[in-house]
Amino acid sequence: MVPGRVQDEFAKRLVAAQVISGDALVSATQYAQQSAIPLHDAITRLAFADERTIYSTLAAAAGLEFMDAREVRPSPISLRVVPAKVAHRYQVLPVQVDDRNLTYLTASPYDPEAERDLRFSSGRAPLPKLSCPGDLRIALQGAYPESLDVEGLIAQARSNTRSAVEGLTTFDEDTPTDSAIVDLCNSLIARAVDSGAS
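Residues numbered from 1 in each chain as written. Predicted model: local features only at pLDDT ≥ 70, side-chain atom pairs only at ≥ 80, totals over all residues. Heavy atoms only, no water.

**Student:** An account of the overall build of the protein chain is needed here, citing residue identities and associated values.
**Tutor:** Within the protein chain one finds 10 helices and three strands. Each helix (α) and strand (β) of the protein chain, taken in turn from the N terminus, gives the series α-α-α-α-α-α-β-β-α-β-α-α-α. Buried positions account for 34% of the 198 residues belonging to the protein chain. As presented, the protein chain carries roughly 12,200 Å² of accessible surface, and 52% of it is formed by carbon and sulfur atoms. (Helix = DSSP H or I, 4+ residues; strand = E, 2+ residues; numbered from the N terminus. Buried < 20%, exposed > 50% of the residue type's maximum accessible area, 1.4 Å probe, protein only. Areas by Shrake-Rupley, 256 points an atom, 1.4 Å probe, with all protein chains shown as cover.)

**Student:** Got a sec to walk through the pattern of salt bridges? Specific residues and values, please.
**Tutor:** With the rule as written, the count across this model stands at eight salt bridges. With a shortest N-O distance of 3.9 Å, arginine 52 and aspartate 68 are connected by a salt bridge. You can see arginine 52 sitting in helix H4 (residues 51-62) and its partner aspartate 68 sitting in the loop between H4 and helix H5 (76-81), a full 16 residues away along the chain. On the basis of relative accessible area, arginine 52 is assigned to the partly exposed category, the value being 27%. The class of aspartate 68 is buried, set by a relative accessible area of 13%. (Salt bridge = Lys/Arg side-chain N within 4 Å of Asp/Glu carboxyl O.)

**Student:** I'd love a proper account of unusual backbone geometry, names of residues and values included.
**Tutor:** Even without a glycine there, the phi angle at alanine 47 is positive, about 60°. Topologically, alanine 47 is positioned in the loop between helix H3 (39-45) and H4. Unusually for a residue other than glycine, glutamine 91 sits at a positive phi of about 55°.

**Student:** How would you explain the environment of leucine 39 if you had to name every residue and give the values?
**Tutor:** By the secondary structure assignment, leucine 39 is in helix H3. Classification of leucine 39 as buried rests on a relative accessible area of 6%. As for leucine 39 and glutamine 7, which are separated by 32 residues in sequence, their C-alpha atoms are 6.8 Å apart. Apart from the residues within four sequence positions on either side, leucine 39 is in contact with Gln7, Phe10, Ala11, Leu25, Ala28, Thr29 and Ala32. (Contact = heavy atoms within 4.5 Å.)

**Student:** Tell me about the pairing of strand S3 (residues 125-130), and name the residues and values.
**Tutor:** Of the two faces of S3, only the one carrying Pro126, Pro128 and Leu130 is buried; Ala125, Leu127 and Lys129 on the other face are not. Following the backbone out of strand S2 (residues 101-106), through helix H7 (residues 112-122) and into the adjacent parallel S3, one traces a crossover that is right-handed. (Right-handed = clockwise from strand over helix to strand, strands pointing away.)

**Student:** Tell me about the nonpolar core, and please be specific about residues and values.
**Tutor:** Phe10, Ile43, Val82 and Leu105 are the most contacted members of the largest nonpolar core, which totals 42 residues. When residues of this core are assigned to their parent elements, the largest contribution, six residues, is made by H4. Not counting residues within four places of it along the chain, the set of residues in contact with leucine 105 comprises Met67, Ala69, Val72, Gln91, Val92, Leu93, Val95, Lys129, Ser131 and Leu136. (Core = buried A, V, L, I, M, F, W, Y, C linked by side-chain atoms within 4.5 Å.)

**Student:** Break down H4 for me, with residues and values.
**Tutor:** Over its 12 residues, H4 runs 16 Å from end to end, which matches the ideal 16 Å to within 8%, given 1.5 Å per residue. Of the residues making up H4, those classed as buried are Ile54, Tyr55, Thr57, Leu58, Ala59, Ala61 and Ala62. On its buried face, H4 is in contact with helix H1 (4-16), H3, S3 and helix H8 (133-143). (Expected span 1.5 Å × (residues − 1).)

**Student:** With reference to specific residues and values, describe the side chain of serine 131.
**Tutor:** Residue position: serine 131 is located in the loop between S3 and H8. There is a polar contact of 3.0 Å between the side chain of serine 131 and the backbone oxygen of methionine 67. Polar contacts involving the side chain of serine 131 include one to the main-chain amide nitrogen of alanine 69, which spans 3.4 Å. Apart from the residues within four sequence positions on either side, serine 131 is in contact with Tyr55, Phe66, Met67, Asp68, Ala69, Leu105, Thr106 and Ala107. (Polar contact = N/O pair within 3.5 Å; in protein donor to acceptor, adjacent residues only side chain to side chain.)

**Student:** Pulling in residues and values, what's your account of the sheet that holds strand S1 (residues 92-97)?
**Tutor:** Ordered by their spatial adjacency, three strands build an open sheet running S1-S2-S3, and the pairing between neighbours is mixed. Each having just a single partner strand, S1 and S3 make up the two edges of the open sheet. Across the sheet, the mean angle from the axis of one strand to that of its neighbour is 30°, orientation sign disregarded. H8 rests against S1 and S2 of the sheet, and its axis sits at about 65° to S1. (Pairing = 2+ DSSP bridges. Axes fitted to C-alpha atoms, helices over the stretch in contact; angles between N-to-C directions.)

**Student:** Which residues make up the pairing of S2, and what values do they have?
**Tutor:** In terms of burial, S2 is largely enclosed, as five of its six residues are buried. Between S1 and S2, which pair antiparallel one after the other, the connecting turn spans three residues. Taken together, the six bridges between S2 and S3 define a ladder with parallel strand orientation. By the bridge assignment for S3, leucine 102 is matched with proline 126.

Shape descriptors only; they carry no functional weight alone.
This is how it looks when you write it as structure tokens:
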């Protein structure tokens, strides 16, 4: 959750820069409270300002660096130390890693669970940089292409194995092949099928 002092500074900066009016700020604040969301999310949802302006102002209010996810090229090692599952779960894009720190882009800089999981998976202190959520989603898709559906592949392999084993009921283990190892495997499989092993 974004600290109150950061939200206050964020609101002051938006009004001072005439990005939104005082009335729009009041409406956004009420909407944020009713929806239990941060003020910057409410302003984005209500389309009172463009995403880039909102998040760059939030970064300045929070004392964080704003980075455009469209222009960032993550280092290959940073993508290896943060698994795709973690990156997608928390909508974070690791961009740089050194011996002590992992620099990453996020649209939610105050997420202790994300920081904990990033610290655990990388073994380094996480350093957030703020970015727009829309640009971040696109950059994540490019950095971590759709990962394989491992669960689906396992289910498919199991069903293929069952049908293959069921087809072995008519297998003749005495039929020789060109390989002694294949013959041994065939013999073991035939015995397992005969004994009803699963």
